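Structure at a glance
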Amino acid sequence: MQEVNMPTQNASRQTESKWYACWEEAGLFRPDTDTSKPTYSITIPPPNITGSLHMGHSLCYPTQDVLGRYKRLTGHRVMILPGQDHAGIATQSVVSKQLKAQGVNPTELGREKFIEKVWEWREESGSTILEQFRQLGCAFDWERSRFTLDDEYAKAVLQVFIEWFDAGMIYKGKRVVNWDPVLLTSVSDIETERKNVRGKLYHIRYPFADGSGQVVIATTRPETMLADVAVAVHPSDKRYEGLVGKSLRLPITGREIPLIADQYPDPEFGTGAVKITPAHDPNDFEVGARHNLEMPVVLDERAKVVEGFGDYSGMDRYAARKKIVQQLEDEGFLVKIEDHDIALIVSERSGEVVEPLLSEQWFVRQTELAGPAIEAVKSGKIKITPNRYETVYLDWLENVRDWCISRQLWWGHRIPVFYTADGTAVAAQSWAEAEAKAGQPIERQDNDVLDTWFSSGLWPFATMGWPQETADLAEFYPTSILVTDRNILYLWVARMVMMGCYFCKEIPFHEVLIHATVMTEDGRRMSKSLGTGVDPREIIDKMGADPLRWTLLSQAGSNQEIRYSERRTEDARNFCNKVWNASRFVLMNSEGYEGLEPSSFELVDQWLLSRLAETEAAVRKAYDDYDFQAACQALFSFFWTDYCDWYLEVSKHRLQDPAQRATPQWVLHQALRAFLTMMHPITPFLTEEIMSYLRSPEEKMLMASAWPTIPAAWHQPQIGAQVERWFEITRALRALRNDVGVKPSEQLAEVFVEGDLQGGESVILSQAKVQRLTPGKPSGKSVATTISGVDLHIPIEGLIDPEKERARLQKELEKVEPELLKITTLLSQPNFAERAKPEVVERNQRQQAELEQKIVKIKERMELFGS
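With that out of the way, let us pick up the overall build of the protein. In terms of helices and strands, the protein carries 28 helices and 29 strands. The C-alpha extent of the protein, read off along each of the three principal axes, is 110 × 70 × 55 Å. Here the protein holds 867 residues, and the buried ones make up 51% of them. Within the protein, counting contacts between residues at least 6 apart in sequence, those at least 24 apart form 76% of the total. Carbon together with sulfur atoms contributes 48% to the accessible area of the protein, which is approximately 39,200 Å² in total. The centroid of the 99 positive side-chain charges in the protein is displaced by 3 Å from the centroid of its 125 negative side-chain charges.

Scanning the model with the defined rule gives 51 salt bridges in all. Notably, a salt bridge pairs arginine 77 with glutamate 475, separated by 2.6 Å at the nearest N-O pair. Placement of arginine 77 in strand E2 (residues 77-81) and of glutamate 475 in helix H15 (residues 471-476) is noted, with a sequence separation of 398 residues between them. Across the pair glutamate 355 and arginine 317 runs a salt bridge whose closest N-O atoms are separated by 2.8 Å. In this pair, glutamate 355 is assigned in strand E14 (residues 355-364) and arginine 317 in helix H9 (residues 317-330), connecting sequence segments 38 residues apart. By relative accessible area, glutamate 355 is classed as buried at 2%.

Counting through the fold element by element, aspartate 65 comes out in helix H2 (residues 55-73). Residue class for aspartate 65 comes out buried when judged on its relative accessible area of 0%. When sequence neighbours within four positions are dropped, the list of residues in contact with aspartate 65 reads Gly137, Cys138, Ala139, Phe140, Arg549 and Pro684.

The step from threonine 385 to proline 386 runs through a cis peptide bond, and the omega angle for that step is -5°. Relative to the assigned elements, proline 386 resides in the loop between strand E15 (383-385) and helix H11 (389-398). That bond from tyrosine 477 to proline 478 is cis: its omega, 0°, falls within 30 degrees of zero. Here the phi dihedral of asparagine 292 falls at roughly 55°; this positive angle occurs in a residue that is not glycine. Inspection of the secondary structure assignment puts asparagine 292 in the loop between helix H8 (282-290) and H9. Unlike most non-glycine residues, lysine 769 shows phi in positive territory, near 55°. Within the element layout of this structure, lysine 769 appears in the loop between helix H25 (761-767) and strand E27 (770-775). Judged by relative accessible area, lysine 769 falls into the partly exposed class, the value being 32%.

Turning our eyes to something else, we now look at the sheet that holds strand E26 (residues 748-754). The 4 strands lie next to each other as E27-E26-E29-E28, forming an open sheet whose pairing is mixed. Strands at the two margins of the open sheet, each flanked by one partner only, are E27 and strand E28 (782-787). Direction aside, the axes of adjacent strands within the sheet are offset by 25° on average. When E28 meets strand E29 (residues 790-795), the two strands line up antiparallel, connected through 6 bridges.

Negative charge collects at one region of the surface, where Glu112, Glu116, Glu120, Glu123 and Glu124 lie side by side. In this fold, glutamate 112 is placed in helix H5 (residues 111-125).

The 3 strands are arranged E8-E7-E13 in an open sheet whose pairing can be described as antiparallel. Either end of the sheet is taken by a strand with one partner, and the two such strands are strand E8 (214-219) and strand E13 (334-347). Direction aside, the axes of adjacent strands within the sheet are offset by 20° on average. Pairing of strand E7 (residues 192-207) with E8 involves 6 bridges; the strand directions are antiparallel. Directly across from histidine 203, in E8, lies its bridge partner alanine 218.

Within the largest apolar cluster, 106 residues are counted, with the highest numbers of intra-cluster contacts made by Phe133, Tyr623 and Tyr643. Among the elements that line this core, the one with the most residues is helix H21 (residues 628-655), at 14 residues. Not counting chain neighbours up to four residues away, the residues in contact with tyrosine 623 comprise Val66, Leu67, Tyr70, Phe628, Ala631, Leu635, Met678, Met679, Pro681, Ile682 and Trp707. In terms of nonpolar packing, the next biggest core, distinct from the first, is built from 63 residues, Leu81, Val364, Trp459 and Trp492 among them.

Quick look at helix H1 (residues 12-25) now. Helix length check: H1 (14 residues) gives 20 Å between terminal C-alpha atoms against 20 Å at 1.5 Å per residue, within 8%. Every buried residue belonging to H1 is among Thr15, Glu16, Trp19, Tyr20 and Trp23, and all of these are buried. What you see down the axis of H1 is that its buried residues fit within an arc of 130°, all on one side. In H1, those exposed residues whose orientation departs by more than 90 degrees from the buried face are Gln14 and Glu25. Residues of H1 that are buried in the fold lie against H2, helix H6 (128-135), helix H17 (536-543), helix H18 (545-553) and helix H23 (684-694). In the stretch just after H1, glycine 27 is the one whose phi turns positive, near 75°.

For the rest of this paragraph, the subject is the environment of tyrosine 643. Within the element layout of this structure, tyrosine 643 appears in helix H21. Here tyrosine 643 is in contact with Val586, Leu608, Phe638, Leu648, Leu668, Ala671 and Leu672, once residues within four sequence places are set aside.

It is worth spelling out the packing of aromatic side chains at this point. Evaluation of the coordinates by the stated rule reveals 43 aromatic pairs. With centroids separated by 4.8 Å and ring planes inclined at 50°, the aromatic side chains of phenylalanine 575 and phenylalanine 636 adopt a geometry described as tilted. With a gap of 61 residues between them, phenylalanine 575 in helix H19 (residues 566-588) and phenylalanine 636 in helix H21 connect regions that are remote in the sequence. Members of the aromatic cluster, connected to one another through ring pairs, are Phe161, Trp164, Phe165, Trp362, Trp403, Phe454, Phe461, Trp466, Tyr477, Tyr502 and Phe503.

Enumeration according to the criterion identifies 0 disulfides in this entry. The cysteine cysteine 576 is free of any disulfide, with cysteine 632 supplying the nearest cysteine sulfur at 10 Å. Residue class for cysteine 576 comes out buried when judged on its relative accessible area of 6%. Judged by relative accessible area, cysteine 632 falls into the buried class, the value being 2%.

Moving on, we get to the environment of alanine 209. Tracing the sequence through the fold places alanine 209 in the loop between E7 and E8. By relative accessible area, which is 26% here, alanine 209 ends up partly exposed. Spatially, the C-alpha atom of alanine 209 lies 104 Å from that of glutamine 771, the residues being 562 residues apart in sequence. Among residues more than four places away in sequence, those in contact with alanine 209 are Ser247, Leu248, Arg249 and Glu256.

Calculation rules
- Residues numbered from 1 in each chain as written.
- Predicted model: local features only at pLDDT ≥ 70, side-chain atom pairs only at ≥ 80, totals over all residues.
- Heavy atoms only, no water.
- Helix = DSSP H or I, 4+ residues; strand = E, 2+ residues; numbered from the N terminus.
- Buried < 20%, exposed > 50% of the residue type's maximum accessible area, 1.4 Å probe, protein only.
- Contact = heavy atoms within 4.5 Å.
- Areas by Shrake-Rupley, 256 points an atom, 1.4 Å probe, with all protein chains shown as cover.
- Lys, Arg positive; Asp, Glu negative; His and termini not counted.
- Charge placed at Lys NZ, Arg CZ, Asp CG, Glu CD.
- Salt bridge = Lys/Arg side-chain N within 4 Å of Asp/Glu carboxyl O.
- Pairing = 2+ DSSP bridges.
- Axes fitted to C-alpha atoms, helices over the stretch in contact; angles between N-to-C directions.
- Patch = residues over 30% accessible without salt bridge, like charges linked within 9 Å, V, L, I, M, F, W, Y side chains within 5 Å.
- Core = buried A, V, L, I, M, F, W, Y, C linked by side-chain atoms within 4.5 Å.
- Expected span 1.5 Å × (residues − 1).
- Arc of directions from axis to C-beta.
- Phe/Tyr/Trp six-rings, centres within 6.5 Å; stacked < 30°, edge-to-face > 60°.
- Disulfide = S-S within 2.5 Å.

These values are about where atoms sit, not about what they do.
Take a look at the structure:
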């Protein structure tokens, strides 16, 4: 092998951009042209065009990249299709804010001009996050990239709406929806967040109209009582026997409302009676529908009291609440006010508290669609990992409600419903098609746009050209796996299954992998608004993409919450540097290496090859099981401990000997190449760069190579156990040297041994830095340890000055004991464990145990040198 000049350090930022360009130019992001290979396909969850890289992205998308790279190495035709979602609410909000900052009123612009402005913004800034995926090393097929407002994709979206509309599965009706009173649109659950706040619970007296008594209800929203239409109690509640059916007089308004029986109230909560306001609560709406109750609205789209309520009309909901509570108190209807924890639902985009509001919207009937989606998971056609999420998925589908698919926006897929002068509604791709369908002139088109989740529900098949019968659909649909977040399991995953089963007569993917949520180091949710977010781009700029990928993926096993800290990424960077430096050492010691397999091996060579075989099996299984944590652990253990700490060190003297170097050179190269290939899916840039120094010019790039084939004969557990025993004895001897104060760099003259070393003498001598191993037991004072059936003795007479050692140990004891006292005192304080964070308590307990053990060892050594 010719001399290779590998730099002393890896310039990660330069090598990352270099190799990404090389892979792309070589066409490696496209599926292999060999159609005889099995296919593996992923359509990535499309990020919003408003999106910017965050830690969740830094786990989700590299996870898909890992799977794609692994499958390429194992001989698959891989197609990973990227793209973006138009993100109706988020994008309209971003552009509206920018226009307002420029002094432009978006409403005055009008629909067409506003949409033009959004497209301008899209061209300038809308693909930022896709470039950031490139920085992460994501090998996606950019030539296939799609956008949910592409012309062809938009036609597919409208086609779905039209088919469902014509089949009677889409209708327009009034139901209670999440309403954003600032953005003035309905919002889905995923576009809201729950905030727990300390609020008030108001207990209000509702008297019977005949003066015979009263019912007390409790509410957190007294402003909605103006639209109460009933009070409900559970049919089994004995407290209300004989009272159901009587009329109550609604405080303030004086209207009479009935006391009804329904399954909804909980008899165990409070008085068991609840006010029913169907227009302002989804549960109340269901009660109202069951009992055919009126549904008056008291709050309008801006969360202000509507006309018809006297002095309250036009008041903001919170001002109205304050005034109503005062009037209830003045008129003797207010029983009491209690502090109460309230879970507020807040719009993610506007930050405003969402108002449940009866609104006329477009809905999809989902009950019929849910059946095939339920069967797909129950039958095992779709596997969800971790499997506990199957229950969440099935529970939602088995209790599914109609889906509100309309949004009161301009940006998005405009609902393709057109109206004639007499109010006839037809669904069509265009105005002309609508007129042909209606047989008369069209007067207007519906103003609403479709929920973003409606269009993204088609993602697995619309991205491949549906409704046309394309080659991509034939080759890559159903896709192999969907990697996504647990929060959209039903909002997106279940709906993709429903849509795929309905329109393609086939499931959209075979597996669903729910990736973990990335938390802060102390377990808090990462959030820019909370100041707990970490910008991955800053980490990449500082330490490179590979260390960040390793940090996150090395924690991604069966756990659903992982914790990020920059310290972990520094450790990952150190490991990457270790791989670089060890690889450089191997190349520097490759003089004369020709790559020919030796005719014979020493036991230590056979041991490393056996460990390589075990590691390959473990890593392959881990990738197959989506246990990237286990893969990283196996890779780290093999390289750091087996390859570097033991085999490299044991082999150094052989590498210096021209007569012996060929065998360790071959073993080092074989193991390093296999290791880099196995590690490539996790850290693609580092491994490709190192392999470029190892491979010949004729060889393919690592990304385009094959998974290592390990001969079965390499796995020799018996030899492995024998050599592991040598290392175990060596470790014990190193610890014993340390106990008597011999510096790691010093050669120890003699060690006495009782027991069979099974041929490991040369390894133990070199690795424990001992000049001579003498059978038997020394006659003078010594220290000893027993390991694996072998007694090791180090004579200490003349080795250490007892007086100096006692003085040193006494000084160390005087330093450690106050530290232990301080921590012990802290832990013994009353309520410390309750007040302090769990990680703080755990850290102090761990330090206490370490200090206690340290004191025991100091005293043992003082006793040794005491006479």
